[in-house]
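The residues making up each chain are set out below.
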Amino acid sequence: MKTPRQLTFGALLTAGLFVCMPPVFAHHSGAGFSGDKVIEITGTIKEFQFTNPHSWIQIVVEDAKGEKVEWSLEWGSPNMLGRQGIRPSTFPPGARATMRLRPMLNGAPAGAFVGAKFADGKTVGRWEE
Amino acid sequence: MKRPNPLQTNVRAVLIGIFSVLLLPAPGFGQGEQAPGGTSDKLPDWSGTWSMVGGTVFDRATQTGEGGAISAGVRSHPPYNAEWEAIYKTHLSLRDKNLFPDTISNCGVPAGFPRHFNLPDLYEFVVRPEQVWVLTENGPNVLRIYTDGRKHLADQWETYTGDSVGRWEGDTLVFTTVALKGYRDKDVILDRTGLVLSDKSHATTRIRKINPTTIEVQMTIEDPKALTKPWVVTKQFRKQPAGTRIYDYGCAENNRNPVDVATGKTLTLGPDGKPLDKN
């Protein structure tokens, strides 16, 4: 597995992006997630839970020992995302993708979704090169 | 053959026209239409979908600290008395440690009033001659404001959203809300900083469309238990593009952020349903 890579521009990116973002986690917690660090993981989409109150992207990533670890990436409600063009098919199972997320502070394999880039170059969410 | 009298023909046509109109179904009183006498001469058009402007800090006009309602250091400054300022400070401290639970995080109770006007996702303001309904996609929640001349019940018990009755002053809906639970049972908050009111709180609210794309809600909140003077909070709602749809918000569908009742901590559940943040 690729060790999650902390982006050098993480703090700046996060500060810039999330000040402008709608209140994605408005009534549930966002406090367990890093507020100033963005990491990247690459793996295979297992499931996109396009559900209320929040959506979750489940992605399986190989760790440094070659073991598969399932990550949970929390995103907005399907109501809000649906109005932005996101659909249940946006993250098809089996697709390879690189994800950017604000990780959980305790190191658990989960975080707040920021953006994704698929193998074919298509991006979802916030993705600045 | 007798030729038809043009005058008689015209009278007949007029009579047919009048009867045809009388036979049509009675018109409904939708938004922007004439209301029955005693309610309003003309109801305003608040149709469409609306989104609250800004984040979910309830009183943004007095906000200090950077970030949103769950950001450490962020707070509002209501005119609390010393006792309730101390309660708020306790909540703020718990919020900073992710230990102040959001009352709606377990998906079982309404947001309540006045938090009804402090929710993400979309709103609808449905104007009828006898009632106005403020519908929130988040929740969902319904605030019914009776405008048919009824009064508050003298023996109304306290509920999450209370009892709202009002009247039209031109294009402005003015209503009072009473019989609120407030934080009595610790299941109604105003925002995630930890703002709360008592079960003696009540409010006078004025709603008006201040321009074609903005509805303004001004609440004057009074609370003899918690506040030293009336607290005026203004929220604005921006019109969304025509055709915008509102969807289900079934909070219990896949709630992976329940509150741990033992600690008040909002958890994050993994795919197996076990907390990822319990160390």
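None of the values given here were measured: they were computed from a predicted structure.

Conventions we followed
The numbering scheme is per chain: residues are counted from 1 as the chain's sequence reads. Here the convention is simple: chains get letters from A, ligands get numbers from 1, in the order in which they are written. Per-residue local features of the predicted model are confined to residues with pLDDT of at least 70, and side-chain atom pairs are confined, for both listing and counting, to 80 or more; whole-chain, interface and lining totals are unaffected and use all residues. We call two residues in contact when their backbone-placed C-beta atoms lie within 7 Å. Put simply, DSSP H or I for four residues or longer makes a helix, DSSP E for two residues or longer makes a strand, and each gets a number counted from the N terminus. The nonpolar class holds Ala, Val, Leu, Ile, Met, Phe, Trp, Tyr, Cys and Pro. Asp, Glu, Lys and Arg form the charged class, and all remaining residues, Gly among them, are polar. Within a predicted model, pLDDT stands for the predictor's per-residue confidence, ranging from 0 to 100. The term nonpolar core refers to a group of buried residues, namely Ala, Val, Leu, Ile, Met, Phe, Trp, Tyr and Cys, whose C-beta atoms join them within 7 Å. Burial in this document is a count-based property: other C-beta atoms within 10 Å of a residue's C-beta are tallied, and the residue is buried at 20 or more, exposed at 12 or fewer, or partly exposed in between, with C-beta positions derived from the backbone. Helix span is expected to be 1.5 Å times the residue number reduced by one. What the arc measures is the spread of directions leading from the helix axis to the C-beta atoms. A strand pair is defined by DSSP finding two or more bridges across the two strands.

Student: Please provide a residue-by-residue account of the interface of chain A and chain B, values included.
Tutor: Contacts between the two partners involve 28 residues from chain A, matched on the other side by 29 residues from chain B. Counting only elements with at least two residues in the side of chain A that touches chain B, the list comes to β3 (56-62), β4 (68-74) and α2 (78-83) of chain A. Among the elements that take part in the side of chain A that touches chain B, α2(A) stands out by supplying five residues, more than any other. Of the residues that constitute the side of chain A that touches chain B, the class distribution is 11 nonpolar, 15 polar and two charged.

Student: Tell me about the confidence of the model for chain B, and please be specific about residues and values.
Tutor: Residues and elements named next belong to chain B. Confidence in the prediction of chain B, expressed as mean pLDDT, is 88, and 85% of residues score 70 or more. For the stretch residues 13-30, pLDDT sits under 50, and the model shows four contacts to residues farther than four places along the chain or on other chains. Both scores are available for the predicted complex, with the pTM at 0.81 and the ipTM at 0.75.

Student: Break down the nonpolar core for me, with residues and values.
Tutor: Counting residues in hydrophobic clusters, the biggest one holds 46 residues, and the most contacted among them are F125(B) and I215(B). Taken together, the elements giving at least two residues each to this core come down to β1 (50-52), α2 (82-96), β2 (122-127), β3 (131-136), β4 (141-146), β7 (202-211), β8 (214-222) and β9 (231-239) of chain B. What F125(B) contacts, discounting residues up to four positions off in sequence, is W46(B), W50(B), V132(B), V134(B) and I215(B). Membership of the second largest hydrophobic core comes to 22 residues, among which are I41(A), W71(A), L101(A) and M104(A).

Student: Quick rundown of α2(B)? Include the residues and the values.
Tutor: All names here are of chain B. Along its 15 residues, α2 runs 21 Å from first to last C-alpha, staying within 8% of the 21 Å computed at 1.5 Å per residue. Residues W84, Y88, H91 and R95 constitute the buried set of α2. For α2, the angular spread of buried residues about the axis comes to 60°, placing them on one side. Projecting away from the buried face of α2 at angles above 90 degrees are the exposed residues A82, E83, A86 and T90. Among the residues trailing α2, N98 stands out with phi positive, at a value near 60°.

Student: How would you summarise the environment of S47(B) if you had to cite specific residues and measurements?
Tutor: Residues and elements named next belong to chain B. By the element assignment, S47 lies in the loop between α1 (6-23) and β1. C-beta crowding within 10 Å serves as the criterion here: with 15 such atoms nearby, S47 is assigned to the partly exposed category. With 80 residues separating them in the primary sequence, S47 and V127 have C-alpha atoms 8.0 Å apart.

Student: Break down the pairing of β3(A) for me, with residues and values.
Tutor: All names here are of chain A. As paired elements, strand β2 (residues 39-49) and β3 share five bridges and run antiparallel to each other. Residue pairing for β3: T44 is matched across the bridge by V60. Connecting β2 to the next strand, β3, in antiparallel fashion are six residues. Across seven bridges, the pairing between β3 and β4 is antiparallel. Across the sheet, residue I57 finds its bridge partner in β4, namely L73. The antiparallel pairing of β3 with β4 creates a hairpin that spans five residues between the two strands, and G66 there sits at a positive phi of about 85°.

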